[in-house]
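A look at the structure
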Amino acid sequence: MTATEPHRPAEGHPAHAGNGHEGLDDAVLPFAVEALDVRGRVVRLGPALDTILRRHGYPEPVARLLGEATALTVLLGSSLKFEGRFQLQTKTDGPVSMIVVDFEAPDRIRATARFETEAVSALGAGPLATSALTGAGHLAMTIDQGPQGGRYQGVVALQGQSLEEAAHQYFRQSEQIPTEVRLAVALEVAGGEARYRAGGLLVQFLPQSTDRARLADLPPGDAPEGHRVDEPREDDAWTEARSLVGTVEDHELVDPAVSSARLLYRLFHERGVRVFESQSVVEQCRCSQERVLGMIRSFTAEERRDMVGEDGRIGITCEFCSRRYDVDPAEVEPTGQERPS
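Just so it is clear, the structure is predicted and the values come from calculations on it, not from any experiment.

Conventions used here
Residues numbered from 1 in each chain as written. Predicted model: local features only at pLDDT ≥ 70, side-chain atom pairs only at ≥ 80, totals over all residues. Heavy atoms only, no water. Helix = DSSP H or I, 4+ residues; strand = E, 2+ residues; numbered from the N terminus. Buried < 20%, exposed > 50% of the residue type's maximum accessible area, 1.4 Å probe, protein only. Areas by Shrake-Rupley, 256 points an atom, 1.4 Å probe, with all protein chains shown as cover. Salt bridge = Lys/Arg side-chain N within 4 Å of Asp/Glu carboxyl O. Contact = heavy atoms within 4.5 Å. Axes fitted to C-alpha atoms, helices over the stretch in contact; angles between N-to-C directions. Parallel < 35°, antiparallel > 145°, perpendicular 65-115°, else oblique. Left-handed = near helix turned anticlockwise from the far one by under 90°. Nonpolar A, V, L, I, M, F, W, Y, C, P; charged D, E, K, R; others polar. Phe/Tyr/Trp six-rings, centres within 6.5 Å; stacked < 30°, edge-to-face > 60°. Lys NZ or Arg CZ within 6 Å of the ring centre and 35° of its normal. Pairing = 2+ DSSP bridges.

Glancing now at the overall build of the chain. Secondary structure summary: the chain contains ten helices and 15 strands in total. Across the 341 residues in the chain, those meeting the buried criterion constitute 46%. A total of about 16900 Å² of accessible surface is found on the chain, and carbon and sulfur atoms cover 47% of it.

This part takes up the pattern of salt bridges. Two side chains with opposite charge may pair up if their charged atoms get near one another. Scanning all chains against the criterion turns up 18 salt bridges. Among the ionic pairs, Arg55 bridges to Glu283, the shortest N-O distance being 3.2 Å. Here the residue Arg55 occupies a position in helix H1 (residues 47-56), and Glu283 occupies one in strand E13 (residues 282-283), the gap between them amounting to 228 residues. Here Glu283 falls in the partly exposed class, since its relative accessible area comes to 23%. Asp328 is the salt-bridge partner of Arg313, the closest N and O atoms lying 3.9 Å from each other. Here Arg313, found in the loop between helix H10 (301-307) and strand E14 (314-317), pairs with Asp328, found in the segment after strand E15 (324-327); they are 15 residues apart in sequence, far enough to count as distant. Judged by its relative accessible area of 27%, Arg313 falls in the partly exposed class. Shared partners join several salt bridges into a network, and the residues in it are Asp25, Glu188 and Arg197.

This paragraph deals with the environment of Gln169. The topology assignment puts Gln169 in helix H5 (residues 163-175). Here the alpha-carbon distance between Gln169 and Thr179, two residues ten residues apart in the chain, equals 9.3 Å. The residues contacting Gln169, other than those within four sequence positions of it, are Val156, Ala157 and Gln161.

A few words now on the packing of helix H2 (residues 60-77) against H5. Orientation of H2 relative to H5, taken along the N-to-C sense of each, is 30°, at an axis distance of 10 Å. Between H2 and H5, the angle falls in the class roughly parallel. Note that H2 runs across H5; the crossing there is right-handed. Facing Leu65, Glu68, Ala69, Leu72 and Leu76 of H2, the residues of H5 in contact are Leu163, Ala167 and Phe171. Among the residues forming the contact of H2 with H5, the class breakdown is seven nonpolar, no polar and one charged.

Another aspect to go through is the environment of Ser79. Mapped onto the elements of the fold, Ser79 is located in the loop between H2 and strand E4 (85-92). For the pair Ser79 and Ala105, spaced 26 residues apart in sequence, the C-alpha to C-alpha distance is 8.8 Å.

The next thing to look at is the packing of aromatic side chains. The full count for this structure, using the stated rule, is four aromatic pairs. Measuring from centroid to centroid gives 5.1 Å for Tyr170 and Phe171, while their planes differ by 75°, and the two rings are edge-to-face. Positioned above the aromatic ring of Phe320, the side-chain terminus of Arg110 is 3.7 Å from the ring centre.

A separate point is unusual backbone geometry. Note the cis peptide between Ala105 and Pro106, where omega equals 10°. Along the chain, the position of Pro106 falls in the loop between strand E5 (96-104) and strand E6 (108-115). Notably, Asp26 is not glycine yet its phi reads approximately 55°, a positive angle. Assignment of secondary structure puts Asp26 in the loop between strand E1 (13-14) and strand E2 (27-33). One non-glycine residue, Asp37, lies in positive phi territory at about 55°. Of note, Asp37 is situated in the loop between E2 and strand E3 (38-45). Assessed through its relative accessible area of 15%, Asp37 is described here as buried.

With that settled, the discussion passes to the pairing of E5. A regular strand carries its side chains on alternate faces of the sheet. The element E5 is extensively covered by neighbouring structure, given that eight of its nine residues are classed as buried. The pairing of E4 with E5 spans seven bridges and is classified as antiparallel. Looking at the pairing, Gln89 lines up with Val100 of E5. Counted between consecutive antiparallel strands, the loop separating E4 from E5 contains three residues. The pairing of E5 with E6 spans eight bridges and is antiparallel. Bridging across to E6, Val101 finds its partner in Ala111.

Pasting the structure below:
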């Protein structure tokens, strides 16, 4: 699986310190710094994310974690150049047992989380580490190119690291692309009302020569004691780029007064950063009456009978958007051969 843009000559325009359309919320701004052979994207999420989080009334720690996952998904999914879907999903043994975020190209996002209310409350107030919420499990990133394409998946073990660290681990192990990711979520208070915001920055080293992008090998678990491992020297351009990304503070990623273009100018103006056309992001669920009917029909006759409530109807609530579907059981009776029950 790959969720990266190919290295190609830039056709954008130089970033500047002013605020313009590049500062809009719910948008992704691609960029390139040719002098350092890096490309990347900045994402700013405002109303779209707040709608997702407020709809379910998530406790603040869960909302912040899901906000980070949503920003990361948009960073990766927005690189798709075809009509496909990128999904990020976690399954763990912690208070937040599952997170699912879907990005459907070119711009639709939806997200949901499953959690145990009492377990989250028991963690107390204040900032919580990702590990306290997720525990141990795995994070899967999937690209689905639809009926005409393939389906690719990469999996990273979650063992106490943050989502940023998990993303780094994925690109190191699966893609072998030097990558830095920064994520931040905050509550913006305006007019006496608090709203969630999120921001993210992804930077990748994509030189013409692949030898320059070589990463150190993973530790050889079966190597004899004292075995020397010769690791490649990190390219100076990537060292500089990583150092600059390391100076980014959380508030810079979410501050509505600091546009994406201004942030990039702060980081890379000495090297010359070019930005491309920004891409909007909208909160929109994939559910529909037709999809729900198809899903119910996929069950056996016995399973469908068990779904019928006391009112004689089948009630389905979408986990993503909370839309309620009221179905007449007669609508889902198969027209062809019945699946064995």
